[in-house]
Amino acid sequence: MSRATSKTRGDKGRATSAQPPPPTQTPDVVDIVPGRFTESEWQSMISQQEAEEIVADTVEELINNVLEKCYDVHLKKQLVPFSVAWAKDAMVQVINWQYLIRDEGDDADISSDLQEDTEPLPSITDSWAEGCVSVITVPNPSQ
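Residues numbered from 1 in each chain as written. Predicted model: local features only at pLDDT ≥ 70, side-chain atom pairs only at ≥ 80, totals over all residues. Heavy atoms only, no water.

**Focus on the overall build of the chain**
Assigned secondary structure in the chain consists of two helices and two strands. Each helix (α) and strand (β) of the chain, taken in turn from the N terminus, gives the series α-β-β-α. Here the chain holds 143 residues, and 1% of them are scored as buried. Surface summary for the chain: the accessible area is close to 14700 Å², and the carbon and sulfur share equals 59%. (Helix = DSSP H or I, 4+ residues; strand = E, 2+ residues; numbered from the N terminus. Buried < 20%, exposed > 50% of the residue type's maximum accessible area, 1.4 Å probe, protein only. Areas by Shrake-Rupley, 256 points an atom, 1.4 Å probe, with all protein chains shown as cover.)

Next comes the structure, spelled out in structure tokens:
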């Protein structure tokens with residue numbers, strides 16, 4: 001029995017001298033950036049970002065609806081003034097067509113400035129123009 005007890009004592013001694021297994025990290029303690037940023041912090045940041053996106057989408061939809069209603073009110077306010085201005089311009093244009101106004105000109109003294117232009121110089125003939133190049137016919141000796 002002394003031998004059996006010595007084995008158990010040896011086993012115990014070896015067990016204490018062996019290195020303990022490395023600590024396993026639970027999913028909440030897994031480091032994304034070692035010592036600074038854990039997975040639980042990452043998940044909370046992602047959920048906060050998703051919540052902010054939901055709020056931003058809701059605010060954007062609300063603002064778009066409000067701006068659309070404001071634009072509709074603006075168009076309704078501008079409809080009558082625009083229609084009146086357009087109709088007035090159309091009537092003034094038709095009246096101006098019917099009653100032509102004589103143009104008096106810039107000055108009454110312009111008639112003394114009017115003189116006949118001199119005749120322009122003749123243009124240089126283009127060698128590619130039809131009929132400008134003289135054609136020389138050579139009699140055919142075989143005929």
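Still more to cover.
**Observations concerning helix α2 (residues 39–98)**
Helix length check: α2, at 60 residues, gives a terminal C-alpha distance of 84 Å against a target of 88 Å (1.5 Å per residue), a fit within 8%. In α2, a bend of some 35° at Q78 exceeds every other bend along the element, and P81, a proline, comes one to four places later. (Expected span 1.5 Å × (residues − 1). Bend = angle between axes of the 7 residues up to and from the residue.)

**Some thoughts on a nonpolar patch on the surface**
On the surface, a nonpolar cluster with roughly 330 Å² of combined accessible area is contributed by I32, V33, W42 and M45. Those elements that place two or more of their residues in the nonpolar patch are β1 (31–33) and α2. Residue placement: I32 occurs in strand β1. Residue classification places I32 among the partly exposed residues on the basis of a relative accessible area of 43%. (Patch = residues over 30% accessible without salt bridge, like charges linked within 9 Å, V, L, I, M, F, W, Y side chains within 5 Å. Salt bridge = Lys/Arg side-chain N within 4 Å of Asp/Glu carboxyl O.)

**Thoughts on a negative patch on the surface**
Residues E50, E52, E53, D57, E60 and E61 make up a contiguous surface patch of negative charge. You can see E53 is positioned in helix α2. The partly exposed category is assigned to E53, whose relative accessible area is 44%. (Lys, Arg positive; Asp, Glu negative; His and termini not counted. Charge placed at Lys NZ, Arg CZ, Asp CG, Glu CD.)

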